[in-house]
Structure formats: C-alpha cells, structure tokens
Amino acid sequence: MTAPPLARGLLGAGDPSLAAHRAAHGPLPAVPDLAVLAGDLTGRGGAGFPVARKLRGVAEAARAAGTPAVVVGNGGEGEPAAAKDAVLLDRSPHLVLDGLALAARAVGADTVVLAAGRRSLPGLQRAVAERGAPVRLVELTDRFLAGEETALVAAVDGGPPLPRGRAVPVWRRGVQGRPTLVHNVETLARLALLARGGPATTSTLVTRHVPGRHGPVVDVAEVPLTARLGDVLALGDAQAVLVGGYHGSWVPARAAAGLTLTRDGLAPAGAALGAGVLAALPADRCGLRETSAVVSYLAAESAGQCGPCLNGLPRAAAGLELLARPGPHPPGLLADVHRWAGLVVGRGACAHPDGSVRLVTSALRVFADELAAHAAGRCTATSHAPFLPVPAGAR
Ligand SMILES: Cc1cc2nc3c(=O)[nH]c(=O)nc-3n(C[C@H](O)[C@H](O)[C@H](O)COP(=O)(O)O)c2cc1C
Ligand code: SF4
C-alpha cells in the first residue's frame, strides 16, 4: 500500500495528550465565520452533506427559535467494518474537542455533547478533564443504527437509540427539542485543522481491509481524496472492492483501481466514500456469501419500526441468502430479490433500507458470474473463511 503521508494530518504521532496536541497544532485561533472557512468541506459521517450549509441552518434555526443550539459530535461508529472514528478519538481527541468548540461558537450553542462507543470513553474522559472543557460525554451502544442522527439525539436525550424519522430534521428540533448540529468526529477534527490553515478538505480517513496470511488485515490511514484507489488499497488478486461500507457498493477490482476517492471520481462506478471503508475481497471468496452475511446482519439491526424494514429488507436478505447457496433456486428468485430491494427505496423513516439495498443490488451486478455458477449448482469460492466482519450470529 502506498498511501502518501500527509503533513500535520489528523492522526498525529500517537500521543493523545493536550501538550502534544498544542506542540503539533498550536492554539486554536478565533474564527470570524466558520461557515465561510468550511468552504466545500463535506461531512465524513456517510452522507457527505456540505458542512457550511448545516452550520448556517442550525445558527438560523436557533436564532428563529430564540433558544441556544446544541452541538453533538458523532463518534459511535456502529458500522462493524469501520474503525476510523475510534482511531481518531484515540489518537487525536483534542482535534475533535477543538472542532466541537468551534462549532458551538459558530451556531450559538450552550450545550456540547460527544457521543462515542464504550472503548473510546476513558481516553475522552482524560482529554475533557485535561482542558476543563464543558463537554458531556454520552456512551453509545454498539449497534448499527445508534449513529443515525435521530437515533443519536434520542440516546442523548436518555431514550433508546432508535431513529425517529426525518419529518422534523434535528437541525430544527433535536436534543431537548432544540436546534442541534450533529457532525461526525472526523468532520469536527477537519474544522479544527482548517481553523489553523491546514489543507483539511483534500484528504480523508479510510478503514482498509486487505487479505493477509492469517486472515484480513485492517488498518486506518489518512489519504488524499485525489489518490487512486489502487494506490490506497493493496488490490493483489482481489476480485472486487467494497467501497463505502455496509451502506456502500461493490465495484469490480479492475474498474476500482483507477478511481479517485472524490465524489465525482467514485460516482461513475455508482460508489461513494460513505463511512470510509475500503475492502479488497480476495479471489478465493464468494462475494454473494459475504454480502448475504452483511445484509442479514443489517436486516436484523433494524427495529422494524416502518414498512421497508419490517417487510422488504428481511425478504431481500432471505432471498439473497438462498442465492448465496449453490442452487437449484426457486424459479423467479433473482427477480424477486430485485423487486423487494426496489420496493424499499425511499420508503423508510431513515436511510437504512436504502443503504442496505444499495449493497444488495451492487452485489447482484458485480457477482453476476457467481450468480450464474450458483444457479448451475456450483460455487467458485475455494475458501469460506469470513472476510468482512459481522457480529456473531449473523453468519
Ligand atoms: C443507519 C445509519 C447509521 C449511521 N451511523 C453513523 C455513525 O455511526 N457515525 C456517523 O458519524 N454518522 C452516522 N450516520 C450518519 C448520521 O445520520 C449523520 O448524517 C452524520 O453523523 C452527520 O455528520 P456529518 O455531517 O459530519 O457527516 C448514520 C446514518 C444512518 C442512516
Ligand atoms: S427505515 Fe428501518 S431503520 Fe429506519 S426508522 Fe424505519 S424501521 Fe428503523
């Protein structure tokens, strides 16, 4: 892997102390207008929404409501294949806390929350104590949906971490019913670098999965967005690359190698950076079987509060599970899976069904030869050792 090194990057030298942070980055300067500074920075939590628009929207909503806003850092990272946010919180907690302070000032917030998984909390407690910051730490459960922003707001308010629907967006009514700015922790750290004049919009954190001698090798790196995927990820004998994570898409390895990681660079392959996961599936595995395990997990993670997750997603998952086994398959099964997948798009109260079926349809497209082999009663895989991580019980 030849990910080019970046000067003054997000992951620092590995010392998470305030002294090391100040030595590397200096003091946090005052920023007259954070939205102007954010420029074309996009969020790194999955959807890639422009940061400046969100900052302005929350500030305006708070002014209109005559109430201070709330700022929440989203560091839960419920996606099993992602580790970039946990690594960032471990190595550079003060960049994230700087970003929260900047965001709070920019939107007129009097309440600042940082939500993260259990493993990240001890380090964050130390960092918050070191700088005496008025930041409330909230522990998030290790579930896929816990980081969805309406579920996150529910958890911060003390309820179960379940999506509540997008009818009233959290930037208008979020924590305690107040306008709430939710940003991924990498986005916040990028704001902290931008405030110091760093080139923070041109790189990204990725979690890479490549085959190793004793199973998949996983690491986190900061890479330029203009880098080619083949230079960022060791493709070796990979047959396909999962781009974006479990709400992402499969891309054939040959097509993936030349793509850059920008939005425009990935779009022609129907992919997006999403949660920053890049996984090179080795030639000896069955892409259908791998995808089926992930989609069964995703279907089980939903609380089934609305139709697409109650009906469509479990059906698509069950159909894919059958297709992932060498046939014979029931007549019309492939068409049924396509139909069930199509039926859920745009129908959920959150983006979970859309993201999940994006993965299904990309698998049916990219692993079409394997589908044909399964229909003929054969699987071409020579190893059934799991490659993509899914929590116990989903395989
Ligand atoms: C099912 C689901 C799970 C999500 N999980 C996370 C997560 O773990 N971390 C995260 O930052 N964003 C997650 N998001 C995206 C958030 O809803 C939200 O868009 C993001 O935190 C906003 O931050 P950003 O503007 O900095 O990207 C998830 C979205 C969905 C639909
Ligand atoms: S679409 Fe699915 S995950 Fe989202 S709120 Fe509805 S049931 Fe829950």
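Cut-offs and rules
- Throughout, a residue's number is its position along its own chain's written sequence, starting from 1.
- All chains are assigned letters beginning at A, and all ligands numbers beginning at 1, according to the order in which they are written.
- Owing to the predicted nature of the model, reporting of local features is limited to residues with pLDDT of at least 70; listing and counting of side-chain atom pairs is limited to 80 or more, with chain, interface and lining totals taken over all residues.
- Side-chain figures throughout are based on the complete set of non-hydrogen atoms in the structure, without hydrogens or water.
- UniProt positions are given in the numbering used here, feature names are shortened, and annotations may be inferred rather than shown by experiment.
- Proximity is defined per residue: any heavy atom of the residue falling within 4 Å of a molecule or strand makes that residue near it.
- We define a polar contact as two N or O atoms separated by no more than 3.5 Å, with the added condition that, inside protein, one atom must be a possible hydrogen donor and the other a possible acceptor, whereas residues neighbouring each other in sequence contribute only through side-chain atom pairs.
- Note on areas: Shrake-Rupley, 1.4 Å probe, and residue coverage restricted to the protein chains presented here.
- Only DSSP runs of H or I covering at least 4 residues are called helices, and only runs of E covering at least 2 are called strands; the numbering of each starts at the N terminus.
- The pairing criterion for strands is at least two bridges between them, as found by DSSP.
- Here an axis means a line fitted to C-alpha atoms, over the contact stretch when the element is a helix, while the angle between two N-to-C directions is reported on a 0 to 180 degree scale.
- Note on contacts: a residue pair qualifies if any of its non-hydrogen atoms lie within 4.5 Å across the two residues.
- An automatic or database domain assignment supplies the start and end points of every domain.
- A simple way to read buried area is as the amount of 1.4 Å-probe accessible surface that goes missing from two parts once joined, with both sides added.
- Think of a salt bridge as a Lys or Arg side-chain nitrogen and an Asp or Glu carboxyl oxygen that are within 4 Å of each other.
- Only the six-membered ring of Trp is used, alongside the rings of Phe and Tyr, when aromatic pairs are assigned; centres must lie within 6.5 Å, and planes under 30 degrees apart are stacked while those over 60 apart are edge-to-face, with the rest tilted.
- Relative accessible area decides the class of each residue, using a 1.4 Å probe on protein chains only: under 20% of the type maximum gives buried, over 50% gives exposed, and in between gives partly exposed.

- Among the UniProt annotations of the chain, the heading Sequence similarities (unreviewed entry) holds the following wording: "Belongs to the complex I 51 kDa subunit family."

### Comments concerning the site of ligand 1
Part 1: Neighbouring ligand 1 are 18 residues; Gly45, Lys54, Asn74, Asn184 and Thr187 lie closest to it.
Part 2: The contact in question runs from an oxygen atom of ligand 1 to an N or O atom on the side chain of Thr187, over 2.7 Å.
Part 3: Starting from 620 Å² of accessible surface for ligand 1 in isolation, the protein chains cover 88%.
Part 4: Counting residues per element, the shell around ligand 1 draws most heavily on strand β4 (residues 180-184), at 3 residues.

### Quick notes on unusual backbone geometry
Part 1: Residue Gly327 is joined to Pro328 through a cis peptide bond whose omega torsion reads 15°.
Part 2: Looking at where Pro328 falls in the secondary structure, it is placed in the loop between α13 (307-323) and α14 (333-344).
Part 3: The phi torsion at Glu77 lies on the positive side, around 45°, for a residue other than glycine.
Part 4: Relative to the assigned elements, Glu77 resides in the loop between β1 (69-75) and α4 (84-91).
Part 5: Positive phi values are uncommon outside glycine, yet Gln176 reaches one of about 55°.
Part 6: Tracing the backbone through its elements, the reader meets Gln176 in the loop between α7 (149-156) and β4.

### A closer look at the sheet that holds strand β6 (residues 215-224)
Part 1: Spatially, β6-β5-β9-β7-β8 is the arrangement adopted by the 5 strands of the open sheet, whose pairing is mixed. Each edge of the sheet is formed by a strand with only one pairing partner; in this case those strands are β6 and β8 (249-252). The average angle at which neighbouring strand axes cross in this sheet is 25°, direction not considered.
Part 2: The pairing of strand β7 (residues 240-243) with strand β9 (residues 277-281) spans 4 bridges and is antiparallel. Bridging across to β9, Val243 finds its partner in Leu278.
Part 3: In the packing of helix α8 (residues 185-195) onto the sheet, contacts are made with β5 (203-212) and β6, and the angle to β5 comes to roughly 135°.

### Thoughts on the domain arrangement of the chain
Part 1: In terms of domain boundaries, the chain breaks down into domain 1 (18-195), domain 2 (203-281) and domain 3 (287-375).
Part 2: Computed from C-alpha atoms alone, the centre-to-centre distance between domain 2 and domain 3 is 22 Å.
Part 3: The interface of domain 2 with domain 3 comprises 12 residues on the first partner and 17 residues on the second.
Part 4: Of the roughly 1,000 Å² buried where domain 2 meets domain 3, counting both sides, 66% is carbon and sulfur surface.
Part 5: Looking at the side of domain 2 facing domain 3, the largest losses of area belong to Tyr246, His247 and Trp250, adding up to 64% of the total buried there.
Part 6: Summed over the shared surface of domain 2 and domain 3, the number is 0 salt bridges.
Part 7: Connecting domain 2 to domain 3 are 4 residue pairs in polar contact (both at pLDDT 80 or more).
Part 8: The set of elements that each furnish at least two residues to the side of domain 2 that touches domain 3 consists of β7 and β8.

### What about the packing of aromatic side chains?
Part 1: Scanning the entire structure with this criterion turns up 2 aromatic pairs.
Part 2: Aromatic pair Phe144 and Tyr297: ring centres 6.1 Å apart, planes at 85°, arrangement edge-to-face. Here Tyr297 lies in helix α12 (residues 287-301) and Phe144 lies in the loop between β3 (135-139) and α7, a separation of 153 residues in the sequence. Across the pair, exposure class does not vary: Phe144 and Tyr297 are buried alike.
Part 3: Between Trp250 and Phe367 the ring centres are 5.2 Å apart and the planes differ by 70°, which places this aromatic pair in the edge-to-face class. Residue Trp250 is found in strand β8, and its partner Phe367 is found in the loop between α15 (352-366) and α16 (368-375); the two are separated by 117 residues along the sequence.

### A word on the UniProt feature "domain: NADH-ubiquinone oxidoreductase 51kDa subunit FMN-binding" (unreviewed entry) in the chain
Part 1: Under the UniProt annotation, "domain: NADH-ubiquinone oxidoreductase 51kDa subunit FMN-binding" (unreviewed entry) lies at residues 40-191.
Part 2: This span, residues 40-191, is 42% helix and 16% strand, and a straight line between its end C-alpha atoms measures 11 Å.

### Brief notes about the pairing of strand β2 (residues 109-116)
Part 1: Counting buried positions along β2 yields 6 of 8 residues, so the element is predominantly enclosed.
Part 2: Bridge count for β1 against β2 is 7 bridges, and the pairing is parallel. Along β2, the bridge assignment pairs Gly73 with Leu114.
Part 3: Pairing of β2 with β3 involves 5 bridges; the strand directions are parallel. From the neighbouring strand, Ala116 faces β3, where its bridge partner is Glu139.

### Let's talk about the environment of Gln239
Part 1: Tracing the backbone through its elements, the reader meets Gln239 in the loop between α9 (229-232) and β7.
Part 2: Taking relative accessible area as the criterion, Gln239 reaches 28% and is therefore assigned partly exposed.
Part 3: Linking Gln239 and Ala253, residues 14 residues apart in sequence, is a C-alpha distance of 5.2 Å.
Part 4: Dropping the residues within four chain positions of it, Gln239 is found in contact with Pro252, Ala253, Leu281, Pro282, Ala283, Arg285 and Phe367.

### Observations regarding the sheet that holds β4
Part 1: Judged by pairing direction, the sheet is parallel, and its 4 strands sit side by side in the order β3-β2-β1-β4 without closing on themselves. A strand with exactly one partner marks an edge of an open sheet, and here the two such strands are β3 and β4. Neighbour-to-neighbour, the strand axes of the sheet open up by a mean angle of 20°, direction not taken into account.
Part 2: Where β1 meets β4, 5 bridges bridge the pair, whose relative direction is parallel. The residue bridging Gly73 from the neighbouring strand is His183, located in β4.
Part 3: Seen against the sheet, α7 touches β1, β2, β3 and β4 and runs at an angle of roughly 115° to β4.

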